[in-house]
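Coordinate inspection notes
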Amino acid sequence: MEFVPAPAVHRVLCADCGTPIVPNSANLCVACLRNSVDITEGIPKQASVSYCRNCERFLSPPSTWTIARPESQELLAICLKKLKGLNKVRLTEAHFIWTEPHSKRLRVSLTIQKEVLTNTILEQVFEIEYLVQYGQCPDCTKLAAKNTWKALVQVRQKVPHKRTFLFLEQLILKHGAQKDTISVKEVRDGLDFFYSQRSHAQKMVEFLNGVVPVRSKASEQLLSTDTHTNTANFKYTYSVEIIPICKDDLVCIPPKLARQLSNISPLTICVRVGNSLHLLDPATLQICEVTSPIYWRSPFESLASVTDLVEFTVLDVEPSGTTRGKYVLADAQVALSGAFRSHADDAAMDYDTAMSSQIFHTRTHLGGILQPGDTAMGYFLTNANFNSDDFAALPTHRVPDIVLVKKAYPNRRKKNKPRAWKLRSMAKEAGEEGETGAGRGVVGRMGGRDQKKVDEDYELFLRELEEDEEMRGAVNLYRAKDVRPGAGSGLAGGKTRRKAQHAMDVDEGAMDEDVEVPAATDEEEDEPDFPDVKLDELLEDFDEMTLEEA
């Protein structure tokens, strides 16, 4: 086999440094070519981007404000738009270089190519540093001034508690319905949402119609008009009223409406509140749905709420075999909590002695979760006096002595165990940084004498989230990182306290003189079916992560 030599490679010396190179049109090596020709000429090495801290948006040239997360493709596109001269070169690669989060700097690495001589393409990698300049977008500039809102949504519910608005706040946060809100103001029976555009307010009204049973009414006020151009400036107000019935309320339906709703028994319990009311007859497990139009044609109020619940001890439970979903019909024997103890309890002293030791027979829908010895919360209708004509018209044999509503967990509530989860809240004022925070925001701002009642409603709302898995699925729960060992599940979030006998009402600063309730002993074990919030249901609160925590 004959050997064929490879073709000879002709080399020339570089015109500047004399290094042997493959011949090219410039007769220069790569290093000398870069020294003589700078393809990055005309591209600034430093630039700035505008950032609004109130709405967390970046300015995308020329006048668009865009939400962009750190090191995202959207932010990279905004940075590249700020550079002049990129149209003269070919951009092959661009990516972020990590910088300190609080440094107010963004570093971007660019790889560009350009033809410098005939058939000679030079590639170069260089960095550009961006300075993040804080400022205000036009929308936030408007918000900084007063009386700049154009649309107002007034949400009202005429009930003596705030649990509905606490739950509504979590629904708004989960679905991001607060992003267009200028500010939120708490009033006596609800909340006011302010918007800069009418369409944003209409979107909020549509959202409320989808999550809670409401009725709405719109009105407008003429501010100014121009007869020459036939234009006018209006302020729009939307009044939204939520049905004044909440979960676990005792309801007496008007007889005429009850016959229309599949002839259900008038005395029912509200088991679910969505965009309609779900009422349950605990004696037959019959469920009816009351929509907003049906309710407002013949409105009715609840007879009693969860603050009127009485604690009972379950003595015996006999399921009858009838089931409907998670509800199991059963006959139960109950007595007042502490009725058969040797010492009289404070709660038992509210009723006469004969009534406190009496055994009551009732029919309940909780046959699937109640066992003898459990504690249940219910309405004590024997001693109740309701100001309702519909309830007074009911036959006596159709009114039970006890209506059980839900199972209670007194042993677990006595122990000062901190919750491993927390909720977020909307900002109190429009000028605060960020839309959400870790504490309670818009609900409870009025303070004063009403603050203690708001704390109690907030604790009851947290207990409802713990005990109702379906309700937990509708909100976002975040993992708590600042759990203190002494913080329990009391009404104020700390230790459960009880005042001494004949003690006067004092401010919160004098709480050190109160008598602490002794912690539960080891003999009182937790209820085995206590609905603990699982770890996989919690979300990480990334907005609060800092370098020190890492």
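Read on for a plain summary of the structure. Treat the numbers as computed from the prediction; the structure is a model and nothing was measured.

**Some words on the sheet that holds strand β4 (residues 57-60)**
The mixed open sheet is built from six strands, whose spatial order is β5-β4-β3-β8-β7-β6. Of all strands in the sheet, those with a lone pairing partner are β5 (64-66) and β6 (90-97), marking the two edges. Neighbour-to-neighbour, the strand axes of the sheet open up by a mean angle of 35°, direction not taken into account. Sheet contacts for helix α2 (residues 73-81): β3 (46-52), β4, β5, β6, β7 (105-117) and β8 (120-135); angle to β6, the most-contacted strand, approximately 120°.

**What to know about the pattern of salt bridges**
Side-chain pairs of opposite charge can arise whenever the charged atoms involved come near each other. Here the structure, examined in full by the defined rule, presents 14 salt bridges. Two residues, Arg 107 and Glu 127, come together in a salt bridge whose shortest N-O distance is 3.0 Å. Here the residue Arg 107 occupies a position in strand β7, and Glu 127 occupies one in strand β8, the gap between them amounting to 20 residues. Arg 107 gets classed as partly exposed once you look at its relative accessible area, which sits at 28%. With a relative accessible area of 42%, Glu 127 lands in the partly exposed category. Between Lys 162 and Glu 186 there is a salt bridge, with its nearest N and O atoms 3.6 Å apart.

**Digging into unusual backbone geometry**
Residue Pro 61 is joined to Pro 62 through a cis peptide bond whose omega torsion reads 5°. By secondary structure assignment, the location of Pro 62 is in the loop between β4 and β5. Even without being a glycine, Asn 230 presents a positive backbone phi close to 60°. Counting through the fold element by element, Asn 230 comes out in the loop between β12 (214-226) and β13 (231-242). For Asn 230, a relative accessible area of 71% corresponds to the exposed category. The residue Asn 263 is not glycine, and still its phi comes out positive at about 55°. Structurally, Asn 263 can be placed in the loop between α6 (255-260) and β15 (267-273).

**Let's talk about the side chain of Asp 281**
Within the element layout of this structure, Asp 281 appears in strand β16 (residues 277-281). Although Asp 281 is buried, it forms no salt bridge, and the closest oppositely charged side chain is Arg 398 at an N-O distance of 6.3 Å. With near-sequence residues (within four places) excluded, Asp 281 lies in contact with Ile 264, Ser 265, Leu 267, Thr 268 and Gln 286.

**Details of helix α5 (residues 198-211)**
Residue pairs spaced three or four apart in an α-helix point in one direction, given the helix's 3.6 residues per turn. Over its 14 residues, α5 extends 21 Å from the first C-alpha to the last, a length consistent with the 20 Å expected when each residue adds 1.5 Å. By the burial criterion, the buried members of α5 are His 200, Ala 201, Met 204, Val 205, Phe 207, Leu 208 and Val 211. The buried residues of α5 occupy an angular sector of 160° when the element is viewed end-on, so they sit on one face. Of the surrounding elements, those touching the buried residues of α5 are β9 (151-156), α4 (163-175), β11 (190-195), β12 and β13.

**Looking at the packing of aromatic side chains**
Inspection of every chain in the model, using the stated rule, returns 10 aromatic pairs. Measuring from centroid to centroid gives 5.8 Å for Phe 312 and Phe 380, while their planes differ by 90°, and the two rings are edge-to-face. Residue Phe 312 is located in strand β19 (residues 310-324), and its partner Phe 380 is located in strand β22 (residues 375-380); the two are separated by 68 residues in the primary sequence. With respect to burial, Phe 312 and Phe 380 carry one shared label: buried. Each ring, one from Phe 360 and one from Phe 380, has its centre 5.3 Å from the other, and the planes form 75°; the classification is edge-to-face. Taken together, the positions of Phe 360 in strand β21 (residues 360-364) and Phe 380 in strand β22 put the pair 20 residues apart, joining distant regions of the chain. Given the relative accessible area of 2%, Phe 360 is considered buried. One residue, Arg 198, lies across the ring of Tyr 236, its end atom 4.2 Å from the ring centre.

Rules of the game
Residues numbered from 1 in each chain as written. Predicted model: local features only at pLDDT ≥ 70, side-chain atom pairs only at ≥ 80, totals over all residues. Heavy atoms only, no water. Pairing = 2+ DSSP bridges. Helix = DSSP H or I, 4+ residues; strand = E, 2+ residues; numbered from the N terminus. Axes fitted to C-alpha atoms, helices over the stretch in contact; angles between N-to-C directions. Contact = heavy atoms within 4.5 Å. Salt bridge = Lys/Arg side-chain N within 4 Å of Asp/Glu carboxyl O. Buried < 20%, exposed > 50% of the residue type's maximum accessible area, 1.4 Å probe, protein only. Lys, Arg positive; Asp, Glu negative; His and termini not counted. Expected span 1.5 Å × (residues − 1). Arc of directions from axis to C-beta. Phe/Tyr/Trp six-rings, centres within 6.5 Å; stacked < 30°, edge-to-face > 60°. Lys NZ or Arg CZ within 6 Å of the ring centre and 35° of its normal.

So yeah, pure geometry; function would need other evidence.
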